[in-house]
Amino acid sequence: QVQLVESGGGLVQPGESLRLSCAASGSRFSFNYMGWYRQTPRKEREVVAVITSIGIPNYGDSVKGRSTISRDIPKNTVYLQMNSLKLEDTAVYYCYVVDLVANTYWGQGTQVTVSS
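The rules behind the values
Residues numbered from 1 in each chain as written. Predicted model: local features only at pLDDT ≥ 70, side-chain atom pairs only at ≥ 80, totals over all residues. Heavy atoms only, no water. Helix = DSSP H or I, 4+ residues; strand = E, 2+ residues; numbered from the N terminus. Buried < 20%, exposed > 50% of the residue type's maximum accessible area, 1.4 Å probe, protein only. Contact = heavy atoms within 4.5 Å. Pairing = 2+ DSSP bridges. Axes fitted to C-alpha atoms, helices over the stretch in contact; angles between N-to-C directions. Salt bridge = Lys/Arg side-chain N within 4 Å of Asp/Glu carboxyl O. Disulfide = S-S within 2.5 Å.

Structural notes on the side chain of Thr52
For Thr52, the location among the structural elements is in strand β5 (residues 45-52). Note on Thr52: relative accessible area 18%, which makes it buried. For Thr52, the residues in contact, after removing those within four places along its chain, are Asn32, Tyr33 and Arg71.

Below is the structure:
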């Protein structure tokens with residue numbers, strides 16, 4: 001059973017940076033996609049970023065230019081570096097992975113709060 005463990009959330013001030021990590025275990029194979037969604041306090045779900053097995057990233061419009069997604073394939077870990085954080089980046093961030101047969105697995109979420 002695939003399990004995802006997220007870390008790196010917390011409370012930061014506007015303009016600061018944060019790095020989220022998500023380590024996947026329980027699979028002998030790497031994943032086709034690894035990425036992040038977020039759910040805002042208004043319960044809106046947004047795509048944050050996703051990265052393919054060959055390292056091609058894609059970003060949601062709300063974080064484009066301020067965030068970088070990367071992955072460590074041997075460690076089955078995906079990272080999300082977020083810079084110039086804004087109040088509206090406050091959300092619960094969920095890691096997800098898609099395996100070779102298109103099963104999707106989700107992490108439990110990590111809270112990111114941007115507040116002055």
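Quick notes on the sheet that holds strand β1 (residues 3-7)
In spatial order, the strands read β1-β3-β8-β7; together these four strands make up an open sheet with antiparallel pairing. Since the sheet does not close on itself, it has two edges, and those belong to β1 and β7 (67-72), each with one partner. Neighbouring strand axes in the sheet, compared pairwise and without regard to direction, differ in orientation by 15 degrees on average. Sheet analysis places strand β3 (residues 18-25) next to strand β8 (residues 77-82), joined by six bridges and oriented antiparallel. Opposite Ala23, over in β8, you have Thr77 as the bridge partner.

Topic: the pattern of salt bridges
If you walk through the whole model with that rule in mind, you get four salt bridges. Taking the shortest distance from any N to any O, the salt bridge between Arg38 and Glu46 comes out at 2.7 Å. The closest approach of N and O atoms between Lys64 and Asp61, which form a salt bridge, is 3.3 Å. Residues joined by salt bridges that share partners form a network here, namely Arg38, Glu46, Arg66 and Asp89.

Here we look at the state of the cysteines
Summed over all chains, the structure comprises one disulfide. At a sulfur-sulfur separation of 2.0 Å, the disulfide partner of Cys22 is Cys95. Between Cys22 and Cys95, the S-S dihedral sits near -80 degrees, and the bridge is therefore left-handed. Residue Cys22 is found in strand β3, and its partner Cys95 is found in strand β9 (residues 91-98); the two are separated by 73 residues along the sequence. For the pair Cys22 and Cys95, a shared accessibility class is recorded, and that class is buried.

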